[in-house]
Amino acid sequence: MRSGSLERRPERIAIRAARLFDGHGPGYLLDPLVVVEGGRIVEAGAGLEPPPGVEVVDLRGLTLLPGLVDSHVHLALNATDEAVDHVTHADEAALLASMRAAAARTLAAGVTTVRDLGDRDYLSLRLREETAADPAAGPAILASGPPITTPGGHCWFLGGETSGVDGVRAAVRERAERGADVVKVMATGGGITAGSAMHERQYGRAELRAAAEEAHRLGLPITAHAHSPEGIADVVAAGFDGIEHCTFYAEDGVRADEGLVRELAARGVAVTLTLGALPGGPPLTPEQARQLPAFVAGLRMMRQAGVTLVCGSDSGIFAVKPHGGLAHSVAAIVDMAGLAPLDALRSATSVAARACGVGERKGTVAAGFDADLIGVEGDPLADPAALLDVRAVFRAGRRVALDEQDARGRG
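Definitions and cut-offs
- Going along each chain's sequence as written, the residues are numbered from 1 onward.
- Two thresholds apply to this predicted model, a pLDDT of at least 70 for residue-level local features and 80 or more for giving and counting side-chain atom pairs, whereas whole-chain, interface and lining totals are computed over all residues.
- To get the side-chain values, take all heavy atoms of the structure and skip hydrogens and water.
- Only protein chains enter the calculation, and the probe is 1.4 Å; a residue is then buried if its accessible area is under 20% of its type maximum, exposed if over 50%, and partly exposed in between.
- Secondary structure elements are taken from DSSP: a helix is a run of H or I of four residues or more, a strand is a run of E of two residues or more, and numbering for both begins at the N terminus.
- Paired strands, as defined in this entry, are two strands with at least two bridges between them according to DSSP.
- Crossover handedness is defined here as right-handed if the route from the first strand over the helix to the second strand goes clockwise, with the strands pointing away from the viewer.
- Lining residues are defined by having an atom within 4 Å of a point belonging to a cavity or pocket. Those points lie on a 1 Å grid over the protein atoms alone, cavities being sets where a 1.4 Å probe fits but cannot get out and pockets being open sets with protein on both sides within 12 Å along at least five of seven lines.
- Grid points are joined across faces, edges and corners, and a volume is the space filled by probe spheres set on the points.
- Three categories are distinguished: nonpolar for Ala, Val, Leu, Ile, Met, Phe, Trp, Tyr, Cys and Pro, charged for Asp, Glu, Lys and Arg, and polar for the others, with Gly belonging to the last.
- Here the axes come from fitting lines to C-alpha atoms, over the contacting stretch only for helices, and the angles between their N-to-C directions go from 0 to 180 degrees.
- For this classification, under 35 degrees means roughly parallel, over 145 means roughly antiparallel, 65 to 115 means roughly perpendicular, and everything else is oblique.
- In this scheme the handedness of a crossing depends on how the near helix is turned from the far one: anticlockwise by less than a right angle means left-handed, clockwise means right-handed.
- Whether two residues touch is decided by their heavy atoms; if any such pair falls within 4.5 Å, the residues are in contact.
- The score called pLDDT rates the predictor's confidence residue by residue, from a low of 0 to a high of 100.
- Definition used for salt bridges: Asp or Glu carboxyl oxygen within 4 Å of a side-chain nitrogen of Lys or Arg.
- Aromatic contacts are taken between Phe, Tyr and Trp rings whose centres are within 6.5 Å, Trp giving its six-membered ring; a plane angle under 30 degrees counts as stacked, one over 60 as edge-to-face, and the others as tilted.
- Whether a charge lies above a ring is judged from NZ of Lys or CZ of Arg, which has to be within 6 Å of the ring centre and within 35 degrees of the ring normal.

### Side note on the pairing of strand β14 (residues 270-273)
Line of reasoning, step 1. Neither face of β14 is exposed, since Ala 270 and Thr 272 on one face and Val 271 and Leu 273 on the opposite face are all buried.
Line of reasoning, step 2. Here β14 pairs with strand β15 (residues 308-311) via four bridges, running parallel. The partner of Val 271 across the bridge, within β15, is Leu 309.
Line of reasoning, step 3. Regarding topology, helix α8 (residues 286-305) serves as the crossover connection from β14 to the parallel β15, and that connection is right-handed.

### Some thoughts on the layout of surface pockets
Line of reasoning, step 1. Of the volumes computed, that of the largest pocket is approximately 1,600 Å³.
Line of reasoning, step 2. Taken together, 49 residues form the lining of the largest pocket, with Tyr 249, Leu 284, Gln 288, Phe 318 and Lys 321 sitting closest to its centre.
Line of reasoning, step 3. The set of elements that each furnish at least two residues to the lining of the largest pocket consists of β9 (183-186), β12 (249-250), α8 and α9 (326-335).
Line of reasoning, step 4. When residues of the lining of the largest pocket are assigned to their parent elements, the largest contribution, six residues, is made by α8.
Line of reasoning, step 5. Looking at the lining of the largest pocket residue by residue, the class counts come to 24 nonpolar, 18 polar and seven charged.
Line of reasoning, step 6. Computed from the structure, the second largest pocket encloses a volume of approximately 230 Å³.

### Re the sheet that holds β14
Line of reasoning, step 1. The parallel open sheet is built from five strands, whose spatial order is β9-β10-β11-β14-β15. Single-partner strands in this sheet number two, and they are β9 and β15. Between one strand and the next, the sheet's axes are offset by a mean angle of 25°, whatever the strand orientation.
Line of reasoning, step 2. As paired strands, strand β11 (residues 242-245) and β14 are joined by three bridges and run parallel to one another. In the strand pairing of β14, Gly 242 is matched with Ala 270.

### Examining the packing of helix α7 (residues 258-267) against α8
Line of reasoning, step 1. Following both chains from N to C, one finds α7 and α8 inclined at 45°, their axes separated by 9 Å at the closest point. With respect to α8, the axis of α7 lies oblique. In terms of crossing hand, the pair formed by α7 and α8 is right-handed. Where α7 approaches α8, its residues Glu 258, Val 261, Leu 264 and Ala 265 are matched on the opposing element by Met 301, Met 302 and Ala 305.
Line of reasoning, step 2. For the contact of α7 with α8, the residue count by class is six nonpolar, no polar and one charged.

### Looking at the confidence of the model for the protein
Line of reasoning, step 1. Of the residues in the protein, 96% have a pLDDT of 70 or more, and the chain-wide mean is 95.
Line of reasoning, step 2. Note that pLDDT drops below 50 for residues 407-411; the model gives that stretch 18 contacts with residues more than four away or on any other chain.

### A short note on the side chain of Thr 349
Line of reasoning, step 1. Following the sequence through the fold, Thr 349 ends up in the loop between α10 (341-347) and α11 (350-355).
Line of reasoning, step 2. According to the relative accessible area criterion, Thr 349 is buried, its value standing at 0%.
Line of reasoning, step 3. In contact with Thr 349, other than residues within four places in its own chain, are Phe 21, Gly 23, Pro 66, Gly 67, Leu 68, Val 69 and Gly 363.

### Regarding the pattern of salt bridges
Line of reasoning, step 1. Using the criterion set out here, one finds 30 salt bridges in the structure.
Line of reasoning, step 2. Put simply, Arg 12 and Glu 37 hold a salt bridge, and the shortest N to O gap is 3.2 Å. Of this pair, Arg 12 sits in strand β1 (residues 12-20) while Glu 37 is found in strand β3 (residues 32-37), placing the two residues 25 residues apart along the sequence.
Line of reasoning, step 3. Note that Arg 255 and Glu 230 form a salt bridge whose closest N and O atoms lie 3.4 Å from each other. Highlighted residues: Arg 255 in the loop between β13 (253-254) and α7 and Glu 230 in helix α6 (residues 229-238), separated in sequence by 25 residues.
Line of reasoning, step 4. By relative accessible area, Arg 255 is classed as partly exposed at 38%.
Line of reasoning, step 5. The network of salt bridges with shared partners includes Arg 40, Glu 360, Arg 361, Lys 362, Asp 370 and Asp 372.

### With respect to α9
Line of reasoning, step 1. Counting buried residues in α9 gives eight out of ten residues, a clear majority hidden from the surface.
Line of reasoning, step 2. Listing the buried residues of α9 in full gives Leu 326, Ala 327, His 328, Ser 329, Val 330, Ala 332, Ile 333 and Val 334.
Line of reasoning, step 3. Here the buried face of α9 lies against β6 (68-73), β7 (111-116), β14, α8, β15 and α10.

### What about unusual backbone geometry?
Line of reasoning, step 1. In this chain, Gly 25 is followed by Pro 26 through a cis amide linkage whose omega measures 15°.
Line of reasoning, step 2. Residues other than glycine seldom take positive phi values, yet Phe 248 does so here, at roughly 65°.
Line of reasoning, step 3. Secondary-structure assignment places Phe 248 in the loop between β11 and β12.
Line of reasoning, step 4. Judged by its relative accessible area of 1%, Phe 248 is buried.

### As for the packing of aromatic side chains
Line of reasoning, step 1. Tallied over the entire structure, the rule returns two aromatic pairs.
Line of reasoning, step 2. Ring centres of Trp 156 and Phe 157 lie 5.9 Å apart, and the angle between their planes is 75°; this geometry places the pair in the edge-to-face category.
Line of reasoning, step 3. By relative accessible area, which is 39% here, Trp 156 ends up partly exposed.
Line of reasoning, step 4. The aromatic ring of Tyr 28 is capped on one face by Arg 19, whose charged end is 5.5 Å from the ring centroid.

What follows is the structure, encoded as structure tokens:
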């Protein structure tokens, strides 16, 4: 059976595993049983007996977890070093086909919910409806549509260019009218756009404040791509709910500001870190190597200050950022930001779900939550690399069939 297809199973099942991480901790429940009915969890705990007549799925060699939540993906980018050229020139049918393949790969890797923060032509909203109707097709999708950016600014090629207070308000309204789940604004430049620089601001505070006010008036969360200290400060002052990347890259190097970090923590701004990549990628440039210690110090400053840190992959932008590669980001957030493995797992499950606005349904294994579950070989609390060895995926309570390559992890 092909990867992504669903095994035919009854609507009500009970899943046994060796241990369960429920999305919160502080550790594992041993010998757990999770009872699923109609796509939702109806009971979960240790030492339970399955209800009479319910089929038992035996995963007693595996660790059971909530399906992973990737808070920053780009399904429209094809995870090659020519991703920008692909998304710019592919026709709609070809691009949507590529996005479907990316979604299937993501689900097979154990990522059952994604927040797509930049597509072309609002195609992620169409794919969102497809995966809602057929959970085998991919993860649950929260979609922003094309990110709002300045004319010629970062990711202009996705079609979200606008300027001025009236322009950004109109852009936010357009996304609300089309049914977007979140608004994404490019507050600074970025690395994949020719002529753009991460340290450069793209919008002034008046425009950013207008975007945040309009999004909140319409009941939508809003997050910003922001790298530089000045851009981050602008976004915080404007009242945004989240920041993507938050690297503190300035023209003269990395400069994490302790006062600004404290303000991020005090305001409860969720910071999505997109640190992970496939091993064996291109080596750091001399400039990147010089900046690395300050970059790592900034990450650890945020952790120590109590900033809400969320795990994301930025999948699709390069070949070293594959779709379904969130496990690499979980390992990186441990190694670079200094999170304990327990906190890193939370950052990719319950914490990510809350940051994406679906914390009441996703990211937790408990009664009333969606039955999105994964089983992995090994102990991810001891070694986050265990998340690469996904052996079972359940989406909306139904088991997704994995081919041999999928079952042995992504590389």
